[in-house]
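In case you want the letters, here they are:
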Amino acid sequence: MYKPGGTIAEALGRIQTKSYVLPAIQREFVWKPEQIERLFDSLMQGYPFGTFLFWKVEASTSSKFKFYDFVLNYHQRDAAHCPELPKLYHQSVTAVLDGQQRLTALNIGLRGSMAIKQPSKWWTNPDAFPVRTLRLDLLSPPSPDEDGARYRFKFLDDVQVARDETAHWFPVPEILGMKDGPAMLSSLRKRGLDGDALERAYEILDRLHRVVNSHNLINYYEEETQDLERVLNIFIRLNSGGTILSYSDLLLSIAVAQWKQVDARAEIHKLVDELNRIGTGFALSQDFVLKAGLMLADIASVGFKVENFTTANMLALESNWPAIRAALVRTVELAASFGLNGQTLRADSSLLPIAYYLYKRGAPSNYVTHSQFAEDRSAIRGWLVRSIVKASGIWGSGLDTLLTALREMIQSSGAAAFPVEQLRQVMSQRGKSLAFEPAEIEDLLHLEYGDKRTFPLLSLLFPFVDLRNQFHVDHVFPISRFTAAKLQRQGFSDSQAELMARHADTLPNLQLLDGAINNEKRATLPAAWLNAHLPDAIGQQHYCTNHELGNVPADLDGFEAFYTARQDRLRVKLTELLGATNAAP
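Each chain has its residues counted from 1, following the order in which its sequence is written. Owing to the predicted nature of the model, reporting of local features is limited to residues with pLDDT of at least 70; listing and counting of side-chain atom pairs is limited to 80 or more, with chain, interface and lining totals taken over all residues. Remark: hydrogens and water are excluded; side-chain values derive from all non-hydrogen atoms of the structure.

A. Seen up close, the side chain of N509. Relative to the elements of secondary structure, N509 occurs in the loop between α20 (494-504) and β13 (510-514). Contacts described as polar in this section are N or O atom pairs within 3.5 Å, which, within protein, must combine one atom able to donate a hydrogen with one able to accept it, while residues neighboring in sequence count only if both atoms come from side chains. A polar side-chain atom of N509 sits 2.9 Å from the main-chain amide nitrogen of F477. Secondary structure elements are taken from DSSP: a helix is a run of H or I of four residues or more, a strand is a run of E of two residues or more, and numbering for both begins at the N terminus.

And the structure:
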């Protein structure tokens with residue numbers, strides 16, 4: 001039933017010559033670097049590789065279908081999608097229905113590279129995505145690590161390789177063009193290896209060479225029908241268990257097959273990329289866009305369920321796509337104007353009711369900036385911030401049911417103004433109240449720097465800040481002043497230092513500050529910074545009043561008194577804004 005497909009090297013050769021292609025119903029490549037490294041270790045240990053499902057497309061019918069190439073040099077921001085191939089005329093190809101992730105992982109590991117965003121760096125920074133190739137440590141010990149891995153594969157760049165003096169990192173792509181036997185041994189000697197190290201390195205490299213170039217590891221079942229409907233049914237049956245392929249992937253696959261005028265795959269991926277470039281950058285996914293499509297197209301349920309994937313529903317989604325697209329762009333622009341981005345938007349789903357409202361309203365392109373919509377924007381902002389600072393997680397369990405109910409409420413209330421009160425009632429009926437009890441207020445007062453709720457909460461406390469500019473969450477008293485050693489040198493006891501350091505990183509010592517100004521402020525104490533930045537006494541008083549700073553002490557001796565006083569003021573303000581007795585924003 002299954003046929004032998006040769007070696008890994010031969011399979012990669014077929015990818016290179018476009019003999020192996022991806023059908024439009026396939027999803028994007030989703031594996032992480034660690035998964036690719038794990039796959040290579042499994043192959044080296046001789047674990048089963050799995051079988052493949054191929055679709056043999058005849059030369060006479062290949063031009064009827066859209067195909068994509070395999071990812072080679074993956075870049076999380078700039079090249080995360082499978083490249084579209086030109087229409088194929090009179091050319092037979094093999095389309096991969098099952099095994100895309102494994103073949104792409106091999107393609108990247110043996111022929112390409114990966115560039116993944118590094119933590120704490122902005123998406124807009126090109127240096128945040130170092131290009132790394134797969135390496136194999138030829139001197140790794142033979143005993144398995146705690147995860148059972150025996151061979152040390154790692155995606156590294158040249159700088160990381162040069163820094164690691166304890167390993168001998170071999171670039172895995174070089175194995176494709178390397179000869180085995182004496183030539184391999186000679187190559188290792190030229191790398192400066194000898195003795196036991198040479199013996200160990202040769203053993204590892206020879207095994208990699210045999211796994212890639214000699215062992216017949218590719219086995220496949222081939223479907224020969226030229227009927228796309230049958231192929232789609234096979235694909236759904238194979239992937240609808242929810243473990244191999246997510247339902248959003250399945251929805252996209254079916255949309256690709258059933259949309260008539262629009263290239264669903266290209267449109268949706270293009271929109272995801274565009275949304276994520278708005279403002280200082282978001283991290284929205286294909287799932288977000290597809291769920292928005294279900295919600296905005298008024299498909300019965302917003303859930304990723306097979307019964308929602310009918311031809312009629314997909315055509316409804318296609319016919320409404322331009323308006324849906326515009327509403328999503330407007331929604332993310334609005335969120336960016338609130339100062340939100342991928343690091344501060346705690347729940348992407350919180351944007352969906354806003355998108356539905358803007359879609360129904362037909363919000364114009366100037367909705368985010370024109371003064372005539374200012375009151376509506378303020379209502380949306382208050383509702384949104386409340387929903388994402390709730391510790392209980394409004395947008396967690398029961399999400400599809402909640403979104404469907406909110407959609408019905410927006411539908412029935414018309415689109416003249418954002419229906420804050422009606423939405424609040426619907427949410428409250430489902431145990432997702434937007435009112436805050438005193439204990440929740442206390443919890444918010446102890447939010448720490450770095451918590452995703454901190455930025456939106458500060459934006460609600462200080463709505464005068466124009467968040468269309470880039471604002472940072474700033475420590476009023478610089479956190480660098482609160483190390484145990486520095487505080488002890490100033491005469492504070494160990495217990496005082498511990499308490500002060502804990503307080504310094506929580507809400508009463510945090511404010512929103514323009515990014516450029518924050519970079520200038522750095523480790524300057526607030527009193528000194530105010531004197532330099534706002535030398536006019538009236539200006540200083542106005543700033544301190546607006547930011548609820550009160551009397552700012554000149555040094556750390558007055559920090560605890562400052563902290564307690566500002567905490568009390570923020571408690572009063574939060575209770576007025578969010579308390580159970582005043583549920584409206």
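B. Geometry of the environment of A167. Tracing the backbone shows A167 in the loop between α4 (158-163) and β10 (169-171). Through-space distance from the C-alpha of A167 to that of P86 is 44 Å; in sequence the pair is 81 residues apart. Working rule for contacts: check all heavy atoms of both residues, and any pair within 4.5 Å makes them a contact. Among all residues touching A167, those that are not within four sequence positions of it are D137 and R152.

C. Highlighting the pattern of salt bridges. Think of a salt bridge as a Lys or Arg side-chain nitrogen and an Asp or Glu carboxyl oxygen that are within 4 Å of each other. Summed over all chains, the structure comprises 28 salt bridges. The residue R135 makes a salt bridge to D158 at a minimum N-O spacing of 2.9 Å. With R135 in strand β8 (residues 131-137) and D158 in helix α4, the pair connects residues that are 23 residues apart, well separated along the chain. Burial here depends on accessible area, computed with a 1.4 Å probe over protein chains only, as a share of the maximum for the residue type. Under 20% is buried, over 50% is exposed, and the range in between is partly exposed. A relative accessible area of 8% places R135 in the buried class. A relative accessible area of 57% places D158 in the exposed class. Of the charged contacts in the structure, one is a salt bridge between E440 and K390, with a shortest N-O distance of 2.8 Å. Here E440, found in helix α17 (residues 438-445), pairs with K390, found in the loop between α14 (374-389) and α15 (399-413); they are 50 residues apart in sequence, far enough to count as distant. Its relative accessible area of 22% is what places E440 among the partly exposed residues. Look at K390 and you get buried, because its relative accessible area is 4%. Sharing partners across several salt bridges, the network here consists of K66, E84 and D263.

D. Here's a closer look at the packing of aromatic side chains. Side-chain rings of Phe, Tyr and Trp (the six-membered ring for Trp) are treated as a pair once their centres are within 6.5 Å; stacked means planes under 30 degrees apart, edge-to-face means over 60, and tilted covers the remaining angles. Overall, the coordinates contain 21 aromatic pairs when judged by the stated rule. A centroid spacing of 5.0 Å and a plane angle of 50° characterise the contact between Y20 and F54, whose relative ring orientation is tilted. Of this pair, Y20 sits in strand β2 (residues 20-23) while F54 sits in strand β3 (residues 52-57), and the two are 34 residues apart along the sequence. A relative accessible area of 1% means that F54 is categorised as buried.

E. Helix α3 (residues 100-111), seen in detail. The span expected for a helix works out to 1.5 Å for each residue beyond the first. Given a rise of 1.5 Å per residue, 12 residues ought to cover 16 Å, and the 16 Å separating the end C-alpha atoms of α3 matches this to within 8%. Where burial is concerned, most of α3 is hidden: 11 out of the 12 residues are buried. Regarding α3, the residues found buried are Q100, Q101, R102, L103, T104, A105, L106, N107, I108, G109 and L110.

F. Summary view of the environment of G382. With respect to the helices, strands and loops of the structure, G382 is situated in helix α14. A relative accessible area of 5% places G382 in the buried class. Residues G382 and V420, spaced 38 residues apart in sequence, show a C-alpha to C-alpha distance of 8.8 Å.

G. The arrangement of helix α9 (residues 264-276) in detail. Taking 1.5 Å as the rise per residue, α9 with 13 residues should run 18 Å; its terminal C-alpha atoms sit 18 Å apart, in good agreement. Among the residues making up α9, those that are buried are A264, R265, I268, H269, L271, V272, L275 and N276. The buried residues of α9 occupy one face: seen down the axis, they fall within an arc of 155°. Its side-chain oxygen 3.3 Å from the backbone nitrogen of R265, D263 forms the N-cap of α9. By definition, the arc is the one covered by directions from the helix axis to the C-beta atoms.

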